[in-house]
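# Reading the structure
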Amino acid sequence: MAVSFPKCPSSSLPAIQARNRAWAPPLGSPIQAGDSSKWALFEATKRYNLSVSASNRGSAVTPVEPSKKVEDSGAGTKPTDLPIKVENGTPPTGFSSEGFQNLQQAGPDGSGSESTVSITVVGASGDLAKKKIFPALFALYYEGCLPKHFTVFGYARSKMTDAELRDMVSLTLTCRIDQRENCSVKMEEFLKRCFYHAGQYDSEAHFADLDKKLKQHEGSRISNRLYYLSIPPNIFLDVVKCASLAASSGNGWTRVIVEKPFGRDAESSAALTRGLKQYLHEDQIFRIDHYLGKELVENLSVLRFSNLVFEPLWSRQYIRNVQIIFSEDFGTEGRGGYFDHYGIIRDIMQNHLLQIMALFAMETPTSLEAEDIRNEKVKVLRSMKPLQADDVVIGQYKSHTRGGVMYPGYTDDKTVPSNSLTPTFAAAALFINNARWDGVPFLMKAGKALHTKRAEIRVQFRHVPGNLYKGCFGTDLDRATNELVIRVQPDEAIYLKINNKIPGLGMRLDRSNLNLHYAARYSKEIPDAYERLLLDAIEGERRLFIRSDELDAAWGLFTPLLKELEERHIAPELYPYGSRGPVGAHYLAAKYNVRWGDLGAEQH
Ligand SMILES: NC(=O)C1=CN([C@@H]2O[C@H](COP(=O)(O)OP(=O)(O)OC[C@H]3O[C@@H](n4cnc5c(N)ncnc54)[C@H](OP(=O)(O)O)[C@@H]3O)[C@@H](O)[C@H]2O)C=CC1
Ligand SMILES: O=C1O[C@H](COP(=O)(O)O)[C@@H](O)[C@H](O)[C@H]1O
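Residues numbered from 1 in each chain as written. Chains lettered and ligands numbered in written order. Predicted model: local features only at pLDDT ≥ 70, side-chain atom pairs only at ≥ 80, totals over all residues.

The name given to the protein in an unreviewed UniProt entry is Glucose-6-phosphate 1-dehydrogenase, with the source organism recorded as Carex littledalei. Per its UniProt entry, the protein bears the Sequence similarities (unreviewed entry) comment "Belongs to the glucose-6-phosphate dehydrogenase family." According to the UniProt record, the Catalytic activity (unreviewed entry) comment for the protein is "D-glucose 6-phosphate + NADP(+) = 6-phospho-D-glucono-1,5-lactone + NADPH + H(+)". (UniProt positions renumbered as here; feature names shortened; annotations may be inferred.)

## Quick look at the site of ligand 2
Around ligand 2, the neighbouring residues are His290, Glu328, Asp347 and Ala455. When its residues are assigned to classes, the shell around ligand 2 shows one nonpolar, one polar and two charged. (Near = placed C-beta within 6 Å. Nonpolar A, V, L, I, M, F, W, Y, C, P; charged D, E, K, R; others polar.)

## Brief notes about the nonpolar core
Counting 137 residues, the largest nonpolar core has Leu229, Ile257, Met349, Leu353, Met357, Ala426 and Met444 as its most contacted members. With twelve residues, helix α11 (residues 336-361) is the largest single contributor of residues to this core. The contact partners of Ile257, leaving out residues within four places of it in the chain, are Leu226, Tyr227, Tyr228, Leu229, Phe286, Ile288 and Ala537. (Core = buried A, V, L, I, M, F, W, Y, C linked by C-beta atoms within 7 Å. Buried ≥ 20, exposed ≤ 12 C-beta atoms within 10 Å, placed from the backbone. Helix = DSSP H or I, 4+ residues; strand = E, 2+ residues; numbered from the N terminus. Contact = placed C-beta atoms within 7 Å.)

## Thoughts on the site of ligand 1
What surrounds ligand 1 is a group of 18 residues, the closest being Gly126, Leu128, Ala156, Arg157 and Ser158. The element contributing the most residues to the shell around ligand 1 is helix α4 (residues 127-142), with three residues.

## Points about the UniProt feature "domain: Glucose-6-phosphate dehydrogenase C-terminal" (unreviewed entry) in the protein
Per the UniProt record, the feature "domain: Glucose-6-phosphate dehydrogenase C-terminal" (unreviewed entry) sits at residues 302-596. This span, residues 302-596, is 29% helix and 25% strand, and a straight line between its end C-alpha atoms measures 26 Å.

## Here we look at helix α8 (residues 236-246)
Buried within α8 are the following residues: Phe236, Val239, Val240, Cys242, Ala243 and Ser244. Turning to α8, the residues buried within the fold contact β6 (115-122), α7 (204-218), β9 (222-229), β10 (254-258) and α9 (266-277).

## Comments concerning the sheet that holds β9
Strands sit in the order β8-β7-β6-β9-β10-β11-β22 across an open sheet of seven strands; the sheet is mixed. Edge positions in the sheet fall to β8 (194-198) and β22 (545-546), since each has one partner strand and no second. Two elements, strand β11 (residues 285-288) and β22, share two bridges in a ladder whose sense is antiparallel. When the bridges of β22 are listed, Ile288 appears paired with Phe545. (Pairing = 2+ DSSP bridges.)

## Structural notes on the pairing of β11
Residues Ile285 and Arg287 point to one face of β11 and Phe286 and Ile288 to the other, with burial holding for every one of them. As paired strands, β10 and β11 are joined by three bridges and run parallel to one another. From the neighbouring strand, Ile257 faces β11, where its bridge partner is Phe286.

## Topic: the domain arrangement of the protein
Domains assigned within the protein are domain 1 (10-63), domain 2 (71-288) and domain 3 (292-458 + 549-602). In this assembly, 13 residues from domain 2 lie in contact with twelve residues from domain 3. The set of elements that each furnish at least two residues to the side of domain 2 that touches domain 3 consists of β4 (71-72) and α9. Tallying contributions element by element places α9 first for the side of domain 2 that touches domain 3, with three residues. (Domains from an automatic or database assignment.)

And the structure:
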């Protein structure tokens, strides 16, 4: 039987509860939300301090006792709803703090609390905006997840009219919705809410013009503003400064989604954070790591903490090693200029794979609240040993001809220096110095231009002590151990390799999969990670965003290695485009008695 926790809009509740404590109806009196519109329920919960229990989600909501909980925003502990960052006794002139004005404006009857959300995509003419952000916003609109009153603005230097932006959005609709019923009608409706404003990124005057346009749309409603910085990182601070001083909300919240890269190392990341915090409070900054929005990454905690069969096994006692593997079957084509400055370790490992590892290995959080989860992630990151060059193998793809087709090498890209040592592949062994994971190798592998596109987590369990059937396994007992595979993409699945008797009169064993294949089990398509994350940012849910202390801890682990690689000019091992990567990755694994699980016949 399916237990349903609709993502939209009831997932808004914890965040909304935190912001709306003041005007609750008598405790215990149920409010029938009915099923008129998802947004009606959302609006109702905004006015009252409400909870929706698992059993009554979507049908009735009940007021709950105002919580005394405080939120840790990373820079110490403070109550969520207090005006923060008060300088010289006055509130800051820049972005308003979360919910502060909302609380001031909403009356006991909820009057004045009708709000609107303006989403400004800064860098709207760019690749990410076209490929991911606009399609995700449309998908949210199609699914009825955006607020009743919302406006989308594109902002960039390119000259464009509203009509041209709309054409761009409709023509680059790459999302999962494009084959769905009524898509074109919904698209028309959505496009009417999309506008464009051309401006420089460092011009307060241009952001002030944007502010005027936003105000026209917002009218007298509480105006909440979300900025998505889909621009190169060297202009993040210009935009934050100008938007903060000239286009922040005067009476609602203002939040900023910041795209990676968050710096190149510990120092530049800290400088970026300091810069952002001149204009923003930590709880207004939503650092996005889109891997945290992927369905199976979000499911990691569910798998672990709600299944008795897994949680007791989740330690050095039963787990031999953990492998977190990312591969792409294409190179850096078109992004070489960006990539050469960063390399695969910064592009994939320090963020996406490390975030997965932190979620995998953290201790049980006190609750599912964002700060409780992020506290546990920080703790486990701080328990890890910083990497050194000996723990890592790096590679770079070279050109390869297959079937008469020549696939270019990394340095064949005109935007990449011909003598570049930037790794396009890396394998690393990480260790967590705590009681749960002492001595367990966590192996990561990430590469571009490999033979396949895939992201997965492989958990290899220990041998069964005194296994009665060991005679049936031949000499290689490793092949008989259980392995849990969480395939993040493509073709999402969770499967457990077990030993099983082959039916028949004899006693022959094989390894078979207990397989949860998402496409077979669930008919509903999986939302794109950007949909989930955009919705969370609109709702003020920070669980899947990176807090500044997490970021510091992550850079702390990788910065010494990155410096060592650069200072010693360590040359990457070349591997052919479309291959399985450098052989060195196998030696690294062998050093820790590990065999990569994604090889040959073993792979599913
Ligand atoms: N593309 C992707 O797949 C991913 C991107 N990211 C991150 O998202 C952000 C946006 O990425 P993406 O869309 O690819 O970036 P783009 O290079 O496409 O840049 C986005 C927009 O920024 C403006 N811009 C580009 N270069 C400069 C410059 N040197 N100075 C000022 N403005 C500039 C351009 O708009 P205009 O000229 O009109 O002002 C451009 O359309 C980056 O931080 C990137 O690292 C993260 C993950 C994946
Ligand atoms: O952040 C990045 O991710 C993409 C891979 O994302 P996916 O969702 O398609 O798996 C990667 O191609 C890019 O280099 C990197 O910057």
